[in-house]
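# Observations on chain architecture
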Amino acid sequence: MRHAVWRSRVPEKAREEAIAAEATAREEADATLAAAEAATQAANAAKQASETAELKKGQAKLAFLLATHVKGINGKIEGLKHEANKRLAGVSLQRLAEARR
């Protein structure tokens, strides 16, 4: 009943304008929702990229620490080799000296 009253009291042109305004409002709302969805997807992609970058940063730190550790171990091995060579040289010199006696 209300619809019939509204139709009879509102001129045709005003009714068409109201319907057009409602359609425009709906289109704008749909566009706003689509923009919000796109922004959400972009934010999620940025978050994922950030997390990936953090993982790669962590991997780089671990690789550096491992390389530093290996370098330290290699240095210790070289020191031990040097020490062993000194001892061998000392033993050889000692034997040489004993052989001369």
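Counting from 1, residues in each chain are numbered in the order their sequence is written. The predicted nature of this model means local features are confined to residues of pLDDT at least 70 and side-chain atom pairs, given and counted, to a pLDDT of 80 or more, with totals for whole chains, interfaces and linings taken over all residues. Here the side-chain values reflect all heavy atoms present in the structure, with hydrogen atoms and water set aside.

## Some details on the overall build of the protein
- Looking only at helices and strands, the protein has 2 helices and 0 strands in total.
- Carbon and sulfur atoms make up 61% of the accessible area of the protein, which amounts to about 9,200 Å² in all. Numbered from the N terminus, helices here are DSSP runs of H or I no shorter than four residues, and strands are runs of E no shorter than two. Per-residue and other accessible areas follow the Shrake-Rupley method at a 1.4 Å probe size, with only the shown protein chains counted as cover for residues.

## Digging into the pattern of salt bridges
- Salt bridges are defined by distance alone: a side-chain nitrogen of Lys or Arg within 4 Å of a carboxyl oxygen of Asp or Glu. In the structure shown here, the tally under the stated rule is 4 salt bridges.
- With a closest N to O distance of 2.1 Å, R15 and E12 form a salt bridge. Here R15 pairs with E12, and both are found in helix 2 (residues 12-100), just 3 residues apart, close to one helical turn.
- Residue class for E12 comes out partly exposed when judged on its relative accessible area of 45%.
- With a closest N to O distance of 4.0 Å, E83 and K86 form a salt bridge. Taken together, the residues E83 and K86, both in helix 2 and 3 residues apart, mark about one turn of the helix.
- For every residue, the accessible area (1.4 Å probe, protein chains only) is compared with the maximum for its type, and the residue is labelled buried under 20%, exposed over 50%, or partly exposed between those bounds. The class for E83 is partly exposed, based on a relative accessible area of 33%.

## A short note on a nonpolar patch on the surface
- Where nonpolar side chains cluster on the molecular surface, the patch consists of L62, F64 and L65 and spans about 360 Å² of accessible area.
- Mapped onto the fold, F64 is located in helix 2. Like-charged residues within 9 Å of one another, or nonpolar side chains (Val, Leu, Ile, Met, Phe, Trp, Tyr) within 5 Å, are grouped into patches, provided each residue has over 30% relative accessible area and no salt bridge.

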